[in-house]
Amino acid sequence: MITAHVGFGERLTTVCITATVRGIAVDVGGDAYNELFDIFFGWSIVVSVIVFGWLLHHSFFYRSKDGETPNIDDLVVGEFPRHYHNTSLEITWVIIPTILILYLTYISLGPVSDVWEDPSVVGVEGVDYFEIELTGSQWFWDFDCGNLDSDLCNVGVDDETGLSMLSVKKDVVYRFNITATDVTHSPYFIQWGAKEDAVPGIYTSIWLTPDITGEFFIDCAEYCGDDHAYMTAILEVHE
Amino acid sequence: MKVNKKIIAITTLLIASLLLAPSLQARSGGINNVDSSCTCHSGTASSDVSPFMTLGNGSALPSEFIADETYTFSFGFTGGPGTVTDAGRQNTGGFNLVANSGTLTILDNSTQMIAGQLTHSTLGNDQMNWSVEWTAPSSGSANFQLTVNSVNGDGTFGDEDHWAQSTFTMNAVGGSGEVATSSADGITVLFSAILLVALMLFISVIYVFYRMSPDSFSWSAFVPWIADWLTSTDHKKIGTLYFVAGLFYFVVGGVIALLIRIQLAVPGNDFLTPDQYNQFFTLHGTVMIFLAAMPLLNGFANWIVPLQIGAKDLAFPRVNAMAFWLNPAGSILVLCGVFSGTGADVGWTAYQPLTSWVSAHPGTTFWLGGQIMLVASSTLAGINFITTICTMRTPSMNWMQMPLFTWSILVSMMCLFISIPAFGVGLIEAFLDRTVATAFFNTSAGGDPLLWSHLFWYFGHPEVYVVIIPAFGIVSEVLATSARRSIFGYKSMVYAMAGIGFVSFIVYGHHMLTSGMAPWLRFVMMLTTMAVAVPTGIKIFNWLKTMHGGSLVYRTHTLWSLGFLVTFTLGGISGMFFPSIAMDTHLHETYFVVAHFHYVLVGGTVFGIFAAIYYWYPKMTGKMMNEKLGMLHFLIAFISYNGLFWPMHRLGLLGMTRRHHTYFIQANEYSDVVGTLPAEVASWNTFITINAFIFGLSTLIMVTNMIITLVKGKKAPADPWGGWSFEWLVTSPPPTPSFDELPTLIDVNETSDSKKENWLTRLMVPNDSNEEVVN
C-alpha cells in the first residue's frame, strides 16, 4: 500500500539551500505526506517565483536615481493622499489565491483517512487490523500487545541501548490506542511522519501500516519534562 | 539635599541586603538537595548501611581513569532495613549520585537525571543496586558523592529508615589530582548576563542624564529628572519607557537564545543540563513575545498613534502609565526563578498537567503570577487604544482616512482585547491548581488537559497576529513613503487587516491538529486556516503594486521593509504546509514549525520593528540616524538571519523534534551512539549556531547607531522622509503637548464625487456625526 519514497528532501536541498550538499537520501514521512509535500512544494515555488520576481524587478526598476527628489503622488503633510487603486486588479488577487487554496484544501482532505480512519471502515478488529496499546510515562514508552500473536506484536528491550522495543509485522494494519499516565506526551513515528498526542485521561488513536523492514525510532514530540529528549523507543518491523 | 540623603541611605541598605542575601548561594544548598540527607525519607544516618561503588563487571573502582574514556559503574548499598526482604515490602532502596566532573549517562529506566543529579526512578525504587555510564573528563580528578537510602518499605517515613553517604574518588592517569577548571554553568551565565544588561541599562540612564547638560551637571538634579520619567503620564515618555524596557528584554531573550544555540551546536552536548535547557526555552518564548515584541510595538503605538490621529494624548493617560508599569513588575516575577536555578520549565505554551501538577520548580508559580500581571497590562492597553482611536481622532478625520499604522494598532488591540481574557482565565486556573490545589487540570480528579490547550490557543493564535499586524502597518507606511506614492488599495488594505483579525479567532485549532481533539473539529480548522492566505496575499500584492510606477528611495527603513516582504512571504508559504493534516502529523512539533514561526515573528515582527526604529527615530529624538551603519546592520542581519532559520526547515523535515535538550545522529565513523537523525543534522546545527551569533551581534550595530546618533547625530527636520500623516507635521522631537490646536485633515480625493455613499460604505464607514467626539 505504501511505497518507500525518496526524494523530497534531496530536491529541497538542491533547489533551496545549496547545490553542494547532496546525495543523502532522506526517507521519512508516509506516502500521503510525501505526495502532498511535493504538490505543496511545487506551488510554493510558483508563488515564490511570482512574488520575488515581482519584488526584485520593482526594487531595481523603480528605484530613484541619485539626487532625485520625486513625489509621484504629491504627498503633502496633513493631506490624505490621492487614492491609488484598481478594483479589478484587487479582485483578481482575491480570486486567484482563493482558487489555489480551495484546490490545496481539497487535495488535503483525502489523505486524512490515513491518519484517523473510522475503524468500521477498515474492517473487523483482529482480522483486518490489530490494536496495540501505547502508554507514555515520564520518560519511557510502554506497549501492550493484548493477546496478539508474538509474530504480530512483541514487546522487548533492546540489548544494546536498553530502550523498550516493539516488534511488528510488515504490511499489517495496526491501530495504536494511545494514552499517558502523568503528563501529555506524543509518540512520533519519525519514519512514517505520524504522531498523535498521548493525553492522560483520554484515549487517542493513530493508524500505522509499517511498509519497510528494519529498526526505526519512536520519539516524544510533546514537551514532557526533563528527559523529554531521551524518551525514545525502537520499532522493529520484520517480514 | 534632604531627598538625596534618603536615597543614598536606601541604596546603601539595598546593596548591603543584596550582598548579604543568600539567594546566589542558595542553589547549591537549596530545596531538593541531598548534600546532607535524603529528601524522600526523613530517616537517620546509620553505619549499618554501607554504600558501594564498583566497575560494571564487579571489579573494584580503579584509582585512576583514562581521559575521555567511558566507564560503566555498578553501585548500591548493603545492610539496613532495606535488605530485610519480607514479602509485600516495596520501595526498599533509593540513591542519589553526584559526579563533580565528567558526564553521567543513564542506562535504563531504573534511574533518572534530576537537575544534573542521578537518582532512582519509580521503577528503580525496589532495587538495591543500580548501574550508570560515566564519561571521564580530559583531566583532573572526579569525586562521586553517593547517598543511599535503605528503607523498610512500610510506606511511611520515619526513623526506622536509614541512609548513608560515601565519596569515591578517581584521578586522571598521571594527573596530579587537581580539579579541572570548571566549565561555565549555563544558568550562571544567564543570570550574570541579565544582571550585566541591567547594569548597562543603569549606566546608560546615568550617561543620558549627563549628556543632557554636560556643563551644568549636578547630582541634585538627577532625582527630579528620573522621578519625572518614572511618574510621567505623557504618551511620548511612556512610549520611550516601553521602548527601553522592550529593548532590554530583547537583549535578555537574545542571550537566552544564544545559550540555547550553544547547547544545540553539536550533538550530545552537555553545556546545559536538561533542567536548565527547559527553563531557557520557556523563558526565551515568554520574554521575546510578552516582554520584548509587545512592549516595543506598544512603544511605537504610544508614540505615534496620538500624533497620527491628531490627539494630544491617549484617552486615559494614567491607565496608560499603569499598563506600562505592570510590565516590569510582571517581568520580575516571570524571571525571578532563574536566580535560584528553578525558573519555569514548562514551555511558553505551558501544556497541562505538566505545568500545574508535575513541574516542581517554584519559578513556574511565579511565572504564572507574572503573566497574570502582563494580561492585566494588555487589557488596560487594549481599552486605552481602542477608546483613543474611536473617540479622539481629530474631528476632520474619518475612519477611512486614518493612517494604516493607526488602523493596524486598532485591529491588533481589538484582537488582544478580545482574546486575552481566555488566557487570563487559564493562567488563574493553573495558578490556583499550583497554589491551592484546585483540580482544573488534575486528570486523576477529572480535570481536562485539553481545556488548557483550548484556552491557551484561543488567545495564542490571535496573539501572534497582535504582534504581526502592527508590523503590517509599519511596512505600509514605510513602503508607501519610500516609494513616494500613496499606498495601493488603501481600503482593501484596511479590509484585509480587519479580515486577518477576524480569521485569527477561528483558526486557533490548527495548533492542536495532533492534540487528540475530535477529528471533525480538525477538518474545520484545516479549512479556516487555509483561508488566512487570502487576506495576507492581498496585503503582499498591494505592497508590491505600491512600488509600481513609484520612485523607491533607498533608506535603511526601506531595506528593512523589502527584507520584511521576502522573509514574511517565505514564512507565509511555509505556514501553508501545516493546515494540511496529513502533512501536519509529520511537521507538527518539529523544527519546521520552529523555522516557520521564526520566519514570521523575526522576519515579520522584528524586521518591522527595525524598520520602524529607523523610520521614526528621527521623529522621536530629533536626530538623523547614520545610514551607513544602518545599511551594514541590514546586510549582516539579513544574511545571517536566513542562515540561522532557513536550515531549520530541513532539520524539521528530517524529523528533528522541538524542545529536545539534545539530539543524537546515527552511527558514523566518529561516533557509535545510536541516534535518530542523519549525520548532516549536526553540521546544519553548527552552521545555525554560528549564524545565530552573527545575527545577535549585528543587533549591537543598531544599538551603537542609536547611541551615537543621540549624542552627535545631525538635527532632523520635521518631515525627513516626506510622509503625509500628522506625525510629520510637528517638530522633531515633538513638543508637549504635541499640538497647540488640533490639526485639520484635508482629503485631496473629496473634491470630486468620491463622497458618494453606497450600501457598503454606509455599512463599513459609519457617519461619525452620530458619535460623541471628545477632545
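Residues numbered from 1 in each chain as written. Chains lettered and ligands numbered in written order. Predicted model: local features only at pLDDT ≥ 70, side-chain atom pairs only at ≥ 80, totals over all residues.

1. Considerations on the overall build of chain B
For step 1, the next point in the chain: In terms of regular secondary structure, chain B is built from 20 helices and 14 strands.
For step 2, the next point in the chain: When each of the 775 residues of chain B is scored for burial, the buried share is 51%.
For step 3, the next point in the chain: Look at the contacts in chain B between residues 6 or more apart in sequence, and 80% of them connect residues 24 or more apart. (Helix = DSSP H or I, 4+ residues; strand = E, 2+ residues; numbered from the N terminus. Buried ≥ 20, exposed ≤ 12 C-beta atoms within 10 Å, placed from the backbone. Contact = placed C-beta atoms within 7 Å.)

2. Examining the sheet that holds strand S9 (residues 204-208) of chain A
All names here are of chain A.
For step 1, the next point in the chain: Read from one edge of the open sheet, four strands run S3-S2-S6-S9, paired in mixed fashion. Edge strands, defined here as strands with exactly one partner in the open sheet, are strand S3 (140-144) and S9. Strand-to-strand twist in this sheet, taken as the mean axis angle between neighbours without regard to direction, amounts to 25°.
For step 2, the next point in the chain: The pairing of strand S2 (residues 130-137) with S3 spans five bridges and is antiparallel. When the sheet's bridge partners are listed, Leu134 is paired in S3 with Phe143. (Pairing = 2+ DSSP bridges. Axes fitted to C-alpha atoms, helices over the stretch in contact; angles between N-to-C directions.)

3. Regarding the packing of helix H11 (residues 449-482) of chain B against helix H14 (residues 533-547) of chain B
Residues and elements named next belong to chain B.
For step 1, the next point in the chain: Where H11 meets H14, the closest approach of the two axes is 10 Å, and the angle between their N-to-C directions is 15°. Accordingly, the angle class assigned to the pair H11 and H14 is roughly parallel. Along this stretch, H11 crosses H14, giving a crossing that reads as left-handed. Along its contact with H11, which presents Phe472, Val475, Leu479 and Ala480, the element H14 presents Lys539, Trp543, Thr546 and Met547.
For step 2, the next point in the chain: The class makeup of the residues in the contact of H11 with H14 is six nonpolar, one polar and one charged. (Parallel < 35°, antiparallel > 145°, perpendicular 65-115°, else oblique. Left-handed = near helix turned anticlockwise from the far one by under 90°. Nonpolar A, V, L, I, M, F, W, Y, C, P; charged D, E, K, R; others polar.)

4. A short note on the interface of chain B and chain A
In many analyses, interface size is given as the accessible surface area lost on bringing the parts together.
For step 1, the next point in the chain: Listed by partner, the interface residues are 93 residues for chain B and 87 residues for chain A.
For step 2, the next point in the chain: Considering only residue class, the side of chain B that touches chain A consists of 52 nonpolar, 31 polar and ten charged.

5. Examining the confidence of the model for chain A
Do not read the predicted coordinates in detail wherever pLDDT is low.
Residues and elements named next belong to chain A.
For step 1, the next point in the chain: Residues at a pLDDT of 70 or more form 87% of chain A, whose mean pLDDT is 81.
For step 2, the next point in the chain: Within chain A, helix H1 (residues 8-17) has the poorest average pLDDT of any element, 31, and S2 the best, 93.
For step 3, the next point in the chain: In the predicted structure, residues 1-27 sits below a pLDDT of 50 and forms 40 contacts with residues beyond four places in sequence or in another chain. (pLDDT = per-residue confidence, 0-100.)

6. Structural notes on the nonpolar core
All names here are of chain B.
For step 1, the next point in the chain: Counting residues in each nonpolar core, the largest one holds 240 residues, and the members touching the most others are Ile256, Val475, Met497, Ala611 and Val681.
For step 2, the next point in the chain: Looking at this core element by element, the count peaks at 21 residues for helix H6 (residues 274-309).
For step 3, the next point in the chain: If we ignore the near neighbours within four places in the chain, the residues touching Ile256 are Leu190, Phe280, Leu283, His284 and Val287.
For step 4, the next point in the chain: Core analysis: the next-biggest nonpolar cluster, separate from the first, contains 23 residues, Phe75, Phe95, Val148 and Ala172 among them. (Core = buried A, V, L, I, M, F, W, Y, C linked by C-beta atoms within 7 Å.)

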